[in-house]
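One letter stands for each residue in the lines below.
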Amino acid sequence: MSQKEFVKPVDLENPYRLFNLGGTVFLEVKEGDDIDVMPASWACPADYTKMSVVVDSTHYSRKILNKAEYFLLTVPGYGIRKELLYLGSVSKNGNPNKIQDSGLKFFNIEGCDFPLPEGCAAWALIKRIPEAHMEKSYDMFVGEIVKAWADSRVFSDNHWHLEKGPEELRSLHYVAGGHFYEIGKSVEVTL
Ligand SMILES: Cc1cc2nc3c(=O)[nH]c(=O)nc-3n(C[C@H](O)[C@H](O)[C@H](O)COP(=O)(O)O)c2cc1C
């Protein structure tokens, strides 16, 4: 049977969901002691060393991001899925204790002013490249990765091997509501 038999139109109310299969990230912003973390699924490599992330203008994180020189993007793991959903459901606009209440833990690493959230598979310090038009019109922020770290149980020699590490570090792929996919098996393709 041809695949054509199974193909049905998709309504255009939420067509982004078709492409919302990339790994969900955490955006962490910081101004003095004021730290906020929110999950973002609209985050994407923009080239070999740059990242883009879309952050709605109403978010508390956005207020800090608007003025930030640096921000952090991380790859949260399956083990902190509850913390992730909390951080993406509660705004620091309404709850100044959002971070403590989320249960997310942090550790510090030499050479980085941002505390790194525990339970992530990778962390990248990003220098914002101010792009006023994109930020204002599309809520899109871009930046250059200036430092990066990864958990060597799942990433080493510039390669992911998530299937060999603990399940807690597997990336989460967000669709909508509380619906996620955990990354699946590794596949090698050769020609
Ligand atoms: C899994 C997940 C992914 C999300 N992705 C985005 C995103 O890419 N961009 C965005 O603006 N909001 C996104 N959100 C919503 C924000 O994370 C959410 O509104 C958050 O509470 C904002 O927090 P803040 O106001 O403290 O910054 C997402 C929420 C979830 C649960």
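Attention in this report is confined to the structure presented alongside it. All values reported here derive from a predicted model rather than from experimental measurement.

## Points about the site of the ligand
Around the ligand, a shell composed of 23 residues is seen, among which D36, Y60, S61, S91 and K92 lie nearest. W42 places a polar main-chain atom, nitrogen or oxygen, 2.9 Å from an oxygen atom of the ligand. At 2.4 Å from an oxygen atom of the ligand is found a side-chain nitrogen or oxygen belonging to S61. Contact with the protein chains removes 91% of the 650 Å² of surface that the ligand exposes when unbound. Here the ligand occupies the second largest pocket. It is strand β2 (residues 34–40) that contributes the most residues to the shell around the ligand, four residues altogether.

## Structural notes on the pairing of strand β4 (residues 50–54)
Here strand β3 (residues 43–45) pairs with β4 via three bridges, running antiparallel. Opposite P45, over in β4, you have M51 as the bridge partner. Between β3 and β4, which pair antiparallel one after the other, the connecting turn spans four residues. With five bridges connecting them, β4 and strand β9 (residues 140–150) associate as antiparallel partners. Of the residues in β9, the one forming a bridge with K50 is E144.

## Regarding unusual backbone geometry
If you check the backbone angles, D139 has positive phi at about 55° while not being a glycine. With respect to the helices and strands, D139 occurs in the loop between α4 (132–138) and β9. Residue classification places D139 among the buried positions, given a relative accessible area of 18%. The backbone of D157 shows a phi angle near 50°, a positive value even though the residue is not glycine. With respect to the element layout, D157 can be found in the loop between β10 (155–156) and β11 (159–160).

Rules used in this analysis
- Residues numbered from 1 in each chain as written.
- Predicted model: local features only at pLDDT ≥ 70, side-chain atom pairs only at ≥ 80, totals over all residues.
- Heavy atoms only, no water.
- Near = heavy atom within 4 Å.
- Polar contact = N/O pair within 3.5 Å; in protein donor to acceptor, adjacent residues only side chain to side chain.
- Areas by Shrake-Rupley, 256 points an atom, 1.4 Å probe, with all protein chains shown as cover.
- 1 Å grid on protein atoms, 1.4 Å probe; cavity = no way out; pocket = protein on both sides within 12 Å on 5 of 7 lines; lining within 4 Å.
- Sits in = over half its atoms within 2 Å of the grid points.
- Helix = DSSP H or I, 4+ residues; strand = E, 2+ residues; numbered from the N terminus.
- Pairing = 2+ DSSP bridges.
- Buried < 20%, exposed > 50% of the residue type's maximum accessible area, 1.4 Å probe, protein only.

Limitation: the analysis is restricted to geometry and does not speak to function.
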